[in-house]
Structures are given as C-alpha cells and as structure tokens.
Amino acid sequence: MPVKKTTLQTHALDVVKQLKKLYPEHVIPLHHKNAWQLLCAVILSAQCTDARVNTITPHLFKKYPTVKDLAYADIKEVEKIIHSAGFYHSKALSLIESSKRLCEVFGGEVPQCMEDLLSLRGVARKTANVMLGDYFKKPAGIVVDTHVKRLSFRLGLTKQTDPVKVEKDLTKIIPYEYWGWIAIALILHGRQVCNARKPACLKCKLADLCPHLGVKVSA
C-alpha cells in the first residue's frame, strides 16, 4: 500500500516540479576537470564567490596539475595564487594537507564516502555533500549553503535556520533522486531572483507556491 504524502511533502514536490522547469540541468558552477579539482574549488569557495574561484583555479592547476604536485607544494606559493579567495592562510593549508592525505591514504583519488571525505582537512559536511551528490552522483544528503537555507525557510520547506537541521528537514520531504540537483537549483534561484535583501517576489515563478516567510513582497 503506497505511503500517503503529507501536506509538506506535496508542497515540496510542487516546488521541485517548478524548479525543474526553471533549472532543468544539473550544472556545477565551479569549473573543474576531475574530482580532485572540484574538491579544491569547493574548499576555496568558502565565503568566496564561485566567479572568483573560477578565476583562481586555472592558475592553481597550471602550477600544480596533479594532486601530488599540490600535496608537496610550498605553502607561500599557494597562498600567493589563492590570495584573492580570502582566508588564504587556512585555505592554502587545507589544499596542501587534504591533497597530501589523498596521496598517502587514498591512492591519490578522492574518496566516495562521507566518513572518508570528512577526514580531509578543510572538508566539512557541505563540501562532502557537493562531492558525493554533484560529482559522484551518490548523494548522502543535501548541500545547505546560505542560499539553500534562506530559500528553504522562505518557501516553507523548513522552520529551521541551522544548516544541519535544514538538511535533515529537506531530506525528509525531497525525493532522493533530487538531492544532488535541488541545491544547485535553489542556489541559482537565490542568486537570480530570491535575493537576500530584496527578493523579486512579483517576478518569481515560485510566487504562487511561496508563503514568503520572513520577507515583504517586492518587485
């Protein structure tokens, strides 16, 4: 006997269907050629725009084309390259130490399970979810960044504001096959329409589904 969907699950599915019309493709905004490059890009993206990261990584990967090259790089040289990403001291250390661990423990390959990913310096659950869901297509959860957190609340998909709790709520109501894609869709919608300070509610294709929690409707 099929399980009856709750009102919230039905609402979530309606949101998913509309987002699918707007953002049908699962396109990762960070430029990369392999799993290791994406991992580096995500580490750099903390409190930094994807556009900025995409200007940095070509230089980084030109100087350090393999995981082994970066694992044994001079940290001062790495800091110079990634300086504009902000927090460059800690990010440079994370890039080098995580690359070194990949070489020493995982044979130079990015692992495909949450526990192993979290053992890498600079990798928290958000980064691990990006790798598992976006790259390996084996989502263990849903990426929750500032856009996903904001839109999930405004759309009435959660009443939580803590990213871990938001993720827990979303995984209960979003079908598994959409876990990898939903974050990208919400991030794109958050950047293009549902701005943090002035959401364009009157132009939003989700307006009829949205309870506009915490915001005033504006054009």
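Heads up: the structure comes first, above all this text.
Report follows, based on the coordinates. (Residues numbered from 1 in each chain as written. Predicted model: local features only at pLDDT ≥ 70, side-chain atom pairs only at ≥ 80, totals over all residues. Heavy atoms only, no water.)

Attention now goes to the overall build of the chain. The helix and strand inventory of the chain stands at eleven helices and zero strands. If you list the helices and strands of the chain from N to C, you get α-α-α-α-α-α-α-α-α-α-α. A globule of 219 residues ought to have a C-alpha radius of gyration of about 17 Å, and the chain, at 19 Å, matches this closely. Taken along its principal axes, the extent of the C-alpha atoms in the chain is 55 × 45 × 30 Å. (Helix = DSSP H or I, 4+ residues; strand = E, 2+ residues; numbered from the N terminus. Rg over C-alpha atoms; globule rule 2.2 N^0.38 Å.)

This part is about unusual backbone geometry. Of note in this structure, Gln 47 is not a glycine but carries a positive phi near 55°. Summarising the element assignment, Gln 47 is placed in the loop between helix 2 (35-44) and helix 3 (50-63). Here His 212, not a glycine, exhibits a phi torsion of approximately 55°, which is positive. Inspection of the secondary structure puts His 212 in the segment after helix 11 (179-192).

A separate point is helix 5 (residues 75-82). Note that an α-helix has 3.6 residues per turn; residues three or four places apart therefore point the same way. Among all positions in helix 5, only Val 78, Glu 79 and Ile 82 are buried. Buried residues along helix 5 cover an arc of 100° about the axis, so they all sit on one side. Those residues of helix 5 that are exposed and angled more than 90 degrees off the buried face are Lys 76 and Lys 80. Of the surrounding secondary structure, the elements contacted by the buried residues of helix 5 are helix 2, helix 3, helix 4 (67-71) and helix 6 (88-105). (Buried < 20%, exposed > 50% of the residue type's maximum accessible area, 1.4 Å probe, protein only. Arc of directions from axis to C-beta. Contact = heavy atoms within 4.5 Å.)

The next thing to look at is helix 9 (residues 146-154). Taken residue by residue, helix 9 has His 147, Val 148, Arg 150, Leu 151, Ser 152 and Arg 154 as its buried positions. Elements in contact with the buried residues of helix 9: helix 10 (163-173) and helix 11. N-capping of helix 9 is provided by Asp 145, with a side-chain oxygen placed 3.0 Å from the backbone N of His 147. Just past helix 9, the residue Gly 156 takes up positive phi, approximately 75°. (Polar contact = N/O pair within 3.5 Å; in protein donor to acceptor, adjacent residues only side chain to side chain.)

Applying the stated criterion across every chain yields a total of four salt bridges. The salt bridge partner of Lys 76 is Glu 79, with a shortest N-O separation of 4.0 Å. Remark: Glu 79 and Lys 76 occur in helix 5; sequence separation between them is three residues, near one turn of the helix. On the basis of relative accessibility, which here comes to 8%, the residue Glu 79 falls in the buried class. The salt bridge involving Glu 77 is made with Lys 80; its shortest N-O contact spans 3.6 Å. (Salt bridge = Lys/Arg side-chain N within 4 Å of Asp/Glu carboxyl O.)

Moving on to the state of the cysteines. Following the criterion strictly, the structure yields zero disulfides and no others. Counting only cysteine sulfurs, Cys 194 is the nearest neighbor of Cys 201, a cysteine outside any disulfide, at a range of 6.3 Å. Free cysteine Cys 204: the closest other cysteine sulfur is in Cys 194, separated by 6.5 Å. The exposure class of Cys 204 is buried, given its relative accessible area of 17%. (Disulfide = S-S within 2.5 Å.)

Within the fold, Tyr 72 resides in the loop between helix 4 and helix 5. Remark: the alpha-carbon pair of Tyr 72 and Val 15, spanning 57 residues in sequence, is separated by 46 Å. Beyond its immediate chain neighbours, meaning those up to four positions away, Tyr 72 contacts Lys 100 and Glu 104.

As a further point, take the packing of helix 9 against helix 10. Direction vectors running N to C along helix 9 and helix 10 enclose 60°, while the axes themselves pass 10 Å from each other. In terms of orientation, helix 9 lies oblique with respect to helix 10. Taken as a pair, helix 9 and helix 10 cross one another with a handedness that is left-handed. Judged by residue contacts, Val 148, Lys 149 and Ser 152 of helix 9 engage Pro 163, Val 166 and Leu 170 from helix 10. (Axes fitted to C-alpha atoms, helices over the stretch in contact; angles between N-to-C directions. Parallel < 35°, antiparallel > 145°, perpendicular 65-115°, else oblique. Left-handed = near helix turned anticlockwise from the far one by under 90°.)

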